[in-house]
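Each chain, written out:
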There are 2 protein chains.
Amino acid sequence: MGVFKTHLRRSGYKITAPREAVLAVLENEKGHLHPSDILLKARAIHAGVGRATVYRTLDILKMLNLVRPIYINEAGPSYMRVAGGHHHLVCSNCGKVVEFDACNAGDLQRKLARKHRFVIQSHLLEFYGQCEDCRN
Amino acid sequence: MGVFKTHLRRSGYKITAPREAVLAVLENEKGHLHPSDILLKARAIHAGVGRATVYRTLDILKMLNLVRPIYINEAGPSYMRVAGGHHHLVCSNCGKVVEFDACNAGDLQRKLARKHRFVIQSHLLEFYGQCEDCRN
DNA sequence: GCCTATATTGAGACATATTCTCACTTGGAG
DNA sequence: CTCCAAGTGAGAATATGTCTCAATATAGGC
């Protein structure tokens, strides 16, 4: 059974077919998705899922810190699973996004958590500039 | 004279009163602003600034890499000046944002720039979690 | 300072994204 | 199995962003 589903159930949310479809879509997704993509994919699993249900489910998942909105370069936010860190190298000109792994945020994270009394679950590190093709 | 104004002029853009109002708002802002806030503040400087002018000016500033969209927790993106790095500790629950200074992204930035042939101007590092008040 | 070509403007139409409302449905505790 | 609060989809309402166009204002040439 999906992790998301377990979390929702444990938090007292009912597991309905439309909701389950949305959960499955998000859980199986490696990258990030727009709400409209989520709607389409969810409808492929359970025909007739409504737009509102996608947004409602996203709200719950955000509250439970299972999913996080992220802005890359498009019109609206995309959503992705919360899982440690995400690292992007973004070209401000053409919008190309390169993902990278190396990240030394661990120490800083511990320090900040202690100092500001936060429980930290994930982070986002993005560098902005111009890619090879776009720098003239 | 404002830095933004100088940049626009140098790039061949005309300096008009409405545009100047928008520039002033963004230039004087320390944090981040929604387009709707920008509109209001710009209208306080020059009555009658149109919504389109705000978006048009933001587009120019984005192209010139003077300003960058950023997603915190609200509905849409906010905009902030590009200036090295921005560092936020964000509570996913209540939306509180703590800014911090310490950041060791410099080395990584140089490495990535070389490897992916990017010219990097700025970065964003955000940690997500729950603040003291929100963690139960 | 005046003139002109042209970039820029605001209004409001349009397009898109998100939220809300409400009558109907359904999961799951008892 | 029953019951009812939680959840649902449709579509209205709102929020956000883009486009068009006639009117205006800037900056450079004189």
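This report concerns the structure included in the present document. Numbering of residues starts from 1 in each chain and follows the order in which that chain's sequence is written. Ligands are numbered from 1 and chains lettered from A, in the order in which they are written. Residues qualify for local features only when their pLDDT is at least 70, as the model is predicted, and side-chain atom pairs are given and counted only at 80 or more; totals for whole chains, interfaces and linings, by contrast, use all residues. To obtain the side-chain values, all non-hydrogen atoms of the structure were included, while hydrogens and water were left out.

## Side note on unusual backbone geometry
Going by this rule: Secondary structure is summarised from DSSP: a helix means a run of H or I of at least four residues, a strand means a run of E of at least two, and numbering begins at the N terminus for each. Using a 1.4 Å probe on the protein chains alone, a residue whose accessible area is under 20% of its type maximum counts as buried, one over 50% counts as exposed, and one in between counts as partly exposed.
Residue A:Asn65 is not a glycine yet carries a positive backbone phi of 60°. Checked against the element boundaries, A:Asn65 lands in the loop between helix H4 (51–63) and strand S1 (67–70). Despite not being glycine, B:Arg117 shows a phi value in the positive range, around 55°. Structurally, B:Arg117 is set in the loop between helix H5 (105–116) and strand S5 (119–130). Exposure remark for B:Arg117: the relative accessible area of 43% places this residue in the partly exposed category.

## Section: empty space enclosed by the protein
Here is the rule we go by: Here a cavity is any set of points on a 1 Å grid over the protein atoms alone where a 1.4 Å probe fits but cannot get out, and a pocket is any open set with protein on both sides within 12 Å along at least 5 of 7 lines; a residue lines the site when it has an atom within 4 Å of a point. Grid points are joined across faces, edges and corners, and a volume is the space filled by probe spheres set on the points.
The tally for this structure, following the rule as stated, stands at one cavity of 30 Å³ or more. Taken as a whole, the largest cavity spans an internal volume of roughly 40 Å³. Taken together, A:Cys103, A:Asn104, A:Ala105, A:Leu125, B:Cys103, B:Asn104, B:Ala105 and B:Leu125 make up the lining of the largest cavity.

## Observations concerning the protein's contact with DNA strand C
Inclusion rule: The rule for a residue being near a molecule or strand is that one of its heavy atoms must lie within 4 Å of it. Within 3.5 Å is the distance limit for a polar contact, defined as a pair of N or O atoms, with the added protein rule that one can donate a hydrogen and the other accept it, and that residues adjacent in sequence qualify only through two side-chain atoms.
In the neighbourhood of DNA strand C, 21 residues make up the surrounding shell, with A:Arg51, A:Tyr55, B:Thr16, B:Arg19 and B:Thr53 lying closest. Here the atoms of DNA strand C within 4 Å of the protein split so that 63% fall in sugar or phosphate, with bases taking the remainder. A:Ile15 places a polar main-chain atom, nitrogen or oxygen, 3.2 Å from a phosphate oxygen of DNA strand C. Interatomic distance of 3.2 Å between a backbone N/O atom of B:Gly48 and a phosphate oxygen of DNA strand C. Put simply, the parts of the chain that give the surface near DNA strand C at least two residues each are H4 of chain A together with helix H2 (17–28) and helix H4 (51–63) of chain B. For the surface near DNA strand C, the element with the highest residue contribution is H4(A), accounting for four residues.

## Quick look at the pairing of S5(B)
A regular strand places its side chains on the two faces of the sheet in alternate fashion. Filter applied, for reference: A pair of strands is treated as paired once DSSP finds two or more bridges between them.
For S5(B), the tally of buried residues reaches ten of twelve residues, placing the bulk of the element in the interior. Bridge count between strand S5 (residues 119–130) of chain A and S5(B): eleven bridges; the pairing is antiparallel. When the bridges of S5(B) are listed, A:Ile120 appears paired with B:Gly129.

## Topic: the relation of the copies chain A and chain B
Test applied: In this comparison the copies share one frame, found by least squares on the C-alpha atoms of residues holding pLDDT of at least 70 in both. Should any heavy atoms of two residues lie within 4.5 Å, those residues are considered in contact.
Once chain A is rotated about the relating axis by 178° and shifted along it by 0.1 Å, it coincides with chain B to within an RMSD of 0.5 Å. These values place the two chain copies in the arrangement generated by a two-fold rotation axis. Within chain A, the C-alpha atom positioned nearest to the axis of rotation is that of A:Leu125, 2.2 Å from it. Both copies share a contact surface, since 97% of the interface residues of chain A are interface residues in chain B too.

## Regarding the nonpolar core
Convention followed: Buried residues of nine kinds, namely Ala, Val, Leu, Ile, Met, Phe, Trp, Tyr and Cys, make up a nonpolar core once their side-chain atoms join them within 4.5 Å.
Counting 27 residues, the largest nonpolar core has A:Leu89, A:Phe127, B:Leu89 and B:Phe127 as the members making the most contacts within it. Listing elements by their share of this core, those giving two or more residues are strand S3 (84–91), helix H5 (105–116) and S5 of chain A together with strand S3 (85–91), H5 and S5 of chain B. For this core, the element with the most residues is H5(B), which contributes four residues. Residues in contact with A:Phe127, not counting those within four places in the same chain, are A:His88, A:Leu89, A:Val90, A:Phe100, B:Ala105, B:Leu108, B:Gln109, B:Leu112, B:Ile120, B:Ser122 and B:His123.

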